[in-house]
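The chain contents come next:
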Amino acid sequence: QVQLVESGGGLVQPGGSLRLSCTASGSDFSNYVMGWYRQNPGKQRERVAHTGSGGPADYADPVKGRFFISRENVKNMVTVNLQMNNLKPEDSAVYYCHAVRPTSKGEDMYWGRGTQVTVSA
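In what follows, the accompanying structure is described. (Residues numbered from 1 in each chain as written. Predicted model: local features only at pLDDT ≥ 70, side-chain atom pairs only at ≥ 80, totals over all residues. Heavy atoms only, no water.)

## Side note on the pairing of strand β1 (residues 3-7)
The side-chain alternation of β1 yields one buried face, formed by L4 and E6, and one unburied face, formed by Q3, V5 and S7. With 5 bridges connecting them, β1 and strand β3 (residues 18-25) associate as antiparallel partners. If you follow Q3 over to β3, its bridge partner there is S25. (Buried < 20%, exposed > 50% of the residue type's maximum accessible area, 1.4 Å probe, protein only. Helix = DSSP H or I, 4+ residues; strand = E, 2+ residues; numbered from the N terminus. Pairing = 2+ DSSP bridges.)

## Topic: the nonpolar core
Judged by nonpolar contacts, the single largest core of 27 residues is most densely connected at M34, W36, L82, M84 and Y95. Mapped onto this core, the elements with two or more residues apiece are β3, β4 (33-39), β5 (46-51), β7 (67-74), β8 (77-84), β9 (93-103) and β11 (115-119). (Core = buried A, V, L, I, M, F, W, Y, C linked by side-chain atoms within 4.5 Å.)

## Section: the state of the cysteines
Inspection of every chain in the model, using the stated rule, returns 1 disulfide. Covalently, C22 is tied to C97 through a disulfide, its sulfur atoms 2.0 Å apart. Measuring handedness by torsion sign, the sulfur bridge of C22 and C97 sits at about -80° and is left-handed. Pair noted here: C22 is in strand β3 and C97 is in strand β9, with a separation of 75 residues, a long-range link. With respect to class, C22 is no different from C97; both count as buried. (Disulfide = S-S within 2.5 Å.)

Put into structure tokens, the structure is as follows:
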């Protein structure tokens, strides 16, 4: 059974830091592009950061220089971490872990259930 399980969300003051983690299991995720999206009520889900198995990380402009994504491939699990620094109120959202890879028929894609991040004084 494929699972993407997020952890690390919470409440933090502006200027603070949080670290999100996502553990993917149940399939060989070593060749998936993995990363994070975020979403607020009534708005579209937006890309935050992604990393492939060997290429450079890619960040959305609003988080460049403040967020850093890292990836660990260990046996049958992949863990993707998102270090979020200098958080701003506009970073508040539900953050979703995401995994995708192309296939001959299109793509395989998985989502986690999300973790809430709230940046408020």
